[in-house]
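Observations on the model geometry
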Amino acid sequence: METHVHRYKEKSFWGPHELYFANLSKRKKIMEKNGNNRKLRVCVATCNRADYSKLAPIMFGIKAEPQFFELDVVVLGSHLIDDYGNTYRMIEQDDFDINTRLHTIVRGEDEAAMVESVGLALVKLPDVLNRLKPDIMIVHGDRFDALAVATSAALMNIRILHIEGGEVSGTIDDSIRHAITKLAHYHVCCTRNAEQHLISMCEDHDRILLAGCPSYDKLLSAKNKDYMSIIRMWLGDDVKPKDYIVALQHPVTTDIKHSIKMFELTLDALISFNKRTLILFPNIDAGSKEMVRVMRKKGVEHHPNFRAVKHVPFDQFIQLVAHAGCMIGNSSCGVREVGAFGTPVINLGTRQIGRETGENVLHVRDADTQDKILQALHLQFGKQYPCSKIYGDGNAVPRILKFLKSIDLQEPLQKKFCFPPVKENISKDIDHILETQSALAVDLGGTNLRVAIVSMKGEVVKKYTQSNPKTYEERIKLILQMCVEAAAEAVKLNCRILGVGISTGGRVNPREGIVLHSTKLIQEWSSVDLRTPISDTLHLPVWVDNDGNCAALAERKFGQGKGLENFVTLITGTGIGGGIIHQHELIHGSSFCAAELGHLVVSLDGPDCSCGNHGCIEAYASGMALQREAKKLHDEDLLLVEGMSMKKEETVGALHLIQAAKLGNTKAASILRTAGTALGLGVVNILHTMNPSLVILSGVLASHYINIVKDVIRQQALFSVQTVDVVVSDLVDPALLGAASMVLDYTTRRVQ
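Reading guide: rules and limits
- Residues numbered from 1 in each chain as written.
- Predicted model: local features only at pLDDT ≥ 70, side-chain atom pairs only at ≥ 80, totals over all residues.
- Heavy atoms only, no water.
- Helix = DSSP H or I, 4+ residues; strand = E, 2+ residues; numbered from the N terminus.
- Polar contact = N/O pair within 3.5 Å; in protein donor to acceptor, adjacent residues only side chain to side chain.
- Contact = heavy atoms within 4.5 Å.
- Domains from an automatic or database assignment.
- Buried area = accessible area lost by both parts, 1.4 Å probe.
- Salt bridge = Lys/Arg side-chain N within 4 Å of Asp/Glu carboxyl O.
- Phe/Tyr/Trp six-rings, centres within 6.5 Å; stacked < 30°, edge-to-face > 60°.
- Buried < 20%, exposed > 50% of the residue type's maximum accessible area, 1.4 Å probe, protein only.
- Lys NZ or Arg CZ within 6 Å of the ring centre and 35° of its normal.
- pLDDT = per-residue confidence, 0-100.
- Pairing = 2+ DSSP bridges.
- Axes fitted to C-alpha atoms, helices over the stretch in contact; angles between N-to-C directions.
- UniProt positions renumbered as here; feature names shortened; annotations may be inferred.
- Expected span 1.5 Å × (residues − 1).

Mapped onto the fold, Asn330 is located in the loop between β11 (326-329) and α13 (332-335). A polar contact of 2.7 Å, which involves the side chain of Asn330, links it to the backbone nitrogen of His250. Setting aside anything within four residues of it in sequence, one finds Asn330 in contact with Leu248, Gln249, His250, Val252, Asn347, Leu348, Arg351 and Gln352.

Following this line, the structure appears as structure tokens:
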């Protein structure tokens, strides 16, 4: 038996090394084998507006190659119902000849009507298929009408090509989709997970094509087209882009009563939210009649903020969702196609519970009142997310056409089922998503550059460390290289990277992701845009803040500040930094200069500080200050005591001073006491100014200062703040964890 299609195990539609099918000579052999270069007769059955948006690009592709294909179009289902927009007209407007129109819908919009509609289609389809005699029947998705088409074709020995098999959503659609998969001979799937599901369902891998979603071929080139006239036509002349909502909600056939309640709450929330909304009528599934009654009960069709429509042509619908402030509902379009534009989506209920989604989708699984939906609208409306290509890269149709050309009609019609070991089915519930959600954390220190994969629980899954280059060009190049390497490793580790958080020294504008002014420890690092190059390279959102603020964020999410409304973090390292959490939020200040705690002045005639001032905490208590004092003692031969030794080439540092003090060097002990006192006075000033409930000392020197700081508080602080606790941080990597928390906090705030 001649193999008719290459295997697709190594092929990825988003990868750089795409494998296509048999070469031209092989394809020519198959065409000749099919009979004197006979054209492949392809029948496309379309049931509703949604499946036509996926089938139309394939139909255009088939029509454009008349030397290879003959196209027959069968229209049935809600296409032919006036209440649902008579959407067969858009097929005619696209200049396709409709060979057959089948009225197959039994009205009633309940479970019995759906069953009767399937039965009516099964009665009518055999005559049509006997007349058309197609070689291939193309069926899309998971609708009950499509099940009738697939059943008829399978029983009449017609080969079936199923589009979008292997996906997981919710309700009865899953069962119908998988039933069509078992009837189909060939499969075109959109994602790697879908491909793996098909293999796990024992489908022949030789007959599975990972192509991407055909609608993405149009979506990814659509957003730049003229759209204002379309927005005005459907929503009014006074509506601006990103200032309206698109709503599309269907009944859930396995729990109709609850889905209608959810729809009622959705309308209440939309009315309260008070934004112009384009709302489409639901599909023809059981429960749709009740949903329409709810719309009319709420007065949606006459409400000044609502535009209620039965149908929008797909080309125009693309523009409307691409420029919407938000899309809400439970349509597969929201979790699939809309991701191509980065438009925020609120997915309601269980209808799409298993779908793979981009970062633009916020799930509200259940709601008892409108409040949760209203909160989701406030969180999502007007945001812009990275564009997602989970479902395709815009080249699905060429792959599908090549796949069709490579089908060998002389192959036995009987399906061959394969029984490989079933691969682990990765759970898509909220617990699994939260477990695998991770961040790339970057820490730019004066000496080292570190990148880590950090999990939602604060676990450093993997860490990379390199010396921090001295020039801007080398530093940016190394950051990108390390981030790309870490992102690739994250895939192998099953870590779902949500974004990149960067901790760096200096003054930072976190809104723009720009380092405004650097510390002297990091050269060529002022007026640097960090967000753009990293986001452009990784196609991920990027957050940037200074290391002191990141330490405070780390304590808020993972450390001793968790759950506290107000606390202050002080970093004791090479320099002295800090971060302030007030009413659960990080304080940046009007010019992003808040929490420069190392530059609180504790003595008017103290030592010089790197900032140009005198008597700052940093001039006394930082690692640089201790190193300075240690060198003075060493130069005077007053540092080393019994039990200490130093190599000739060894640099004198703060740790030598600490070691000398522990071994009884009174001068070293006096320097440390002075440094600790300066830090303690700074903490007293913080207590008197901010009155936090906790002060956390972080960094390598914290444990050496803690007791002295507490003594100073007892002696110098007002009685009312002496009970405020001062503790040493128990976090190992506060800068990395804080950088990660910027990403992870943003994500958890979007989870309802």
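Domain boundaries assigned for the protein chain yield domain 1 (36-213), domain 2 (220-380), domain 3 (436-559 + 742-751) and domain 4 (562-730). The gap between the C-alpha centroids of domain 1 and domain 2 is 26 Å. Tallying the contact residues gives 34 residues for domain 1 and 29 residues for domain 2. For the pair domain 1 and domain 2, the summed buried surface comes to about 2400 Å²; carbon and sulfur atoms form 50% of the total. When residues of domain 1 are sorted by the area they lose upon contact with domain 2, Arg49, Glu109 and Thr171 head the list and together hold 25% of the total. The interface formed by domain 1 and domain 2 includes 7 salt bridges. One salt bridge connects Glu167 with Arg336, and the closest N-O pair in it is separated by 2.4 Å. Where domain 1 packs against domain 2, one counts 10 residue pairs in polar contact (both at pLDDT 80 or more). It is helix α6 (residues 171-183) that provides the largest number of residues to the side of domain 1 that touches domain 2, a total of 4 residues.

If you trace the backbone, Pro126 turns up in helix α4 (residues 111-132). When the C-alpha positions of Pro126 and Val149 are compared, they lie 9.4 Å apart, and in sequence the two are 23 residues distant.

Let's shift gears to the packing of aromatic side chains. Applying the stated rule across the entire model yields 5 aromatic pairs. Ring centres of Phe60 and Phe96 lie 4.8 Å apart, and the angle between their planes is 50°; this geometry places the pair in the tilted category. Of this pair, Phe60 sits in helix α2 (residues 49-63) while Phe96 sits in the loop between α3 (88-93) and β3 (100-102); the two residues are 36 residues apart in sequence, bridging distant segments of the chain. Exposure remark for Phe96: the relative accessible area of 5% places this residue in the buried category. Residues Tyr472 and Trp525 carry aromatic rings whose centres are separated by 6.2 Å and whose planes lie at 45° to one another, so their mutual orientation is tilted. Of this pair, Tyr472 sits in helix α17 (residues 472-492) while Trp525 sits in the loop between β19 (514-517) and β20 (528-529); the two residues are 53 residues apart in sequence, bridging distant segments of the chain. Note that Lys63 overlies the ring of Phe96, its terminal NZ or CZ placed 5.1 Å from the centroid.

A separate point is the confidence of the model for the protein chain. Averaged over all residues, the pLDDT of the protein chain equals 88, while 91% of them reach at least 70. Averaged over each element, pLDDT in the protein chain is lowest for helix α1 (residues 24-33) (49) and highest for strand β5 (residues 159-163) (97). Ignoring residues within four places in sequence, the model shows residues 1-12, a span with pLDDT below 50, making 41 contacts including any to other chains. Note on residues 14-28: pLDDT under 50 across the span, and 23 contacts to partners over four residues away in sequence or across chains.

This next bit is on the sheet that holds strand β12 (residues 345-348). Taken in spatial order, the 6 strands line up as β10-β9-β8-β11-β12-β13 in an open sheet, and their pairing is parallel. Looking at which strands have only one partner, the edges of the open sheet turn out to be β10 (306-309) and β13 (361-364). Put simply, the sheet's adjacent strands are angled 20° from each other on average, direction ignored. For β12 and β13, the ladder comprises 4 bridges, and the chain directions are parallel. Within β13, the residue paired with Ile346 across the bridge is Leu362. Packed on one face of the sheet, helix α9 (residues 228-235) meets β8 (244-248), β9 (276-280) and β10 and runs near 80° to β9. Docked against the sheet, helix α14 (residues 371-380) engages β8, β11, β12 and β13, running at close to 170° with respect to β13.

A word on the UniProt feature "active site" (unreviewed entry) in the protein chain. What UniProt calls "active site" (unreviewed entry) maps, in this numbering, to Asp547. Along the chain, Asp547 turns up in helix α19 (residues 547-558). What Asp547 contacts, discounting residues up to four positions off in sequence, is Ser503, Thr504, Gly505 and Ile571.

In regular strands, side chains alternate between the two faces of the sheet. Of all 5 residues that make up strand β21 (residues 542-546), 5 are buried, and the element is covered over most of its length. Strand direction decides the pairing type here: strand β17 (residues 496-504) and β21, joined by 5 bridges, are parallel. What sits directly across from Ile502, in β21, is Val544.

Turning our eyes to something else, we now look at the environment of Ala112. Relative to the elements of secondary structure, Ala112 occurs in helix α4. Taking the C-alpha atoms as reference points, Ala112 and Ala286, 174 residues apart in sequence, are found 8.3 Å from one another.

What follows deals with α19. Owing to its 3.6 residues per turn, the α-helix brings residues three or four apart onto one side. The terminal C-alpha atoms of α19, which comprises 12 residues, lie 16 Å apart, in line with the 16 Å expected from a rise of 1.5 Å per residue. Counting buried positions over the 12 residues of α19 gives 11, a clear majority of the element. Buried within α19 are the following residues: Gly548, Asn549, Cys550, Ala551, Ala552, Leu553, Ala554, Glu555, Arg556, Lys557 and Phe558.

Right, let's talk about the pattern of salt bridges for a bit. Tallied over the entire structure, the rule returns 40 salt bridges. Ionic pairing is found between Lys182 and Glu203, a salt bridge with its closest N-O pair at 2.6 Å. Of the two residues, Lys182 is situated in helix α6 and Glu203 in the loop between α7 (192-200) and β7 (208-210); the sequence distance between them amounts to 21 residues. Under the relative-accessibility criterion, Lys182 is labelled partly exposed at 32%. Ionic pairing is found between Asp711 and Arg714, a salt bridge with its closest N-O pair at 2.1 Å.

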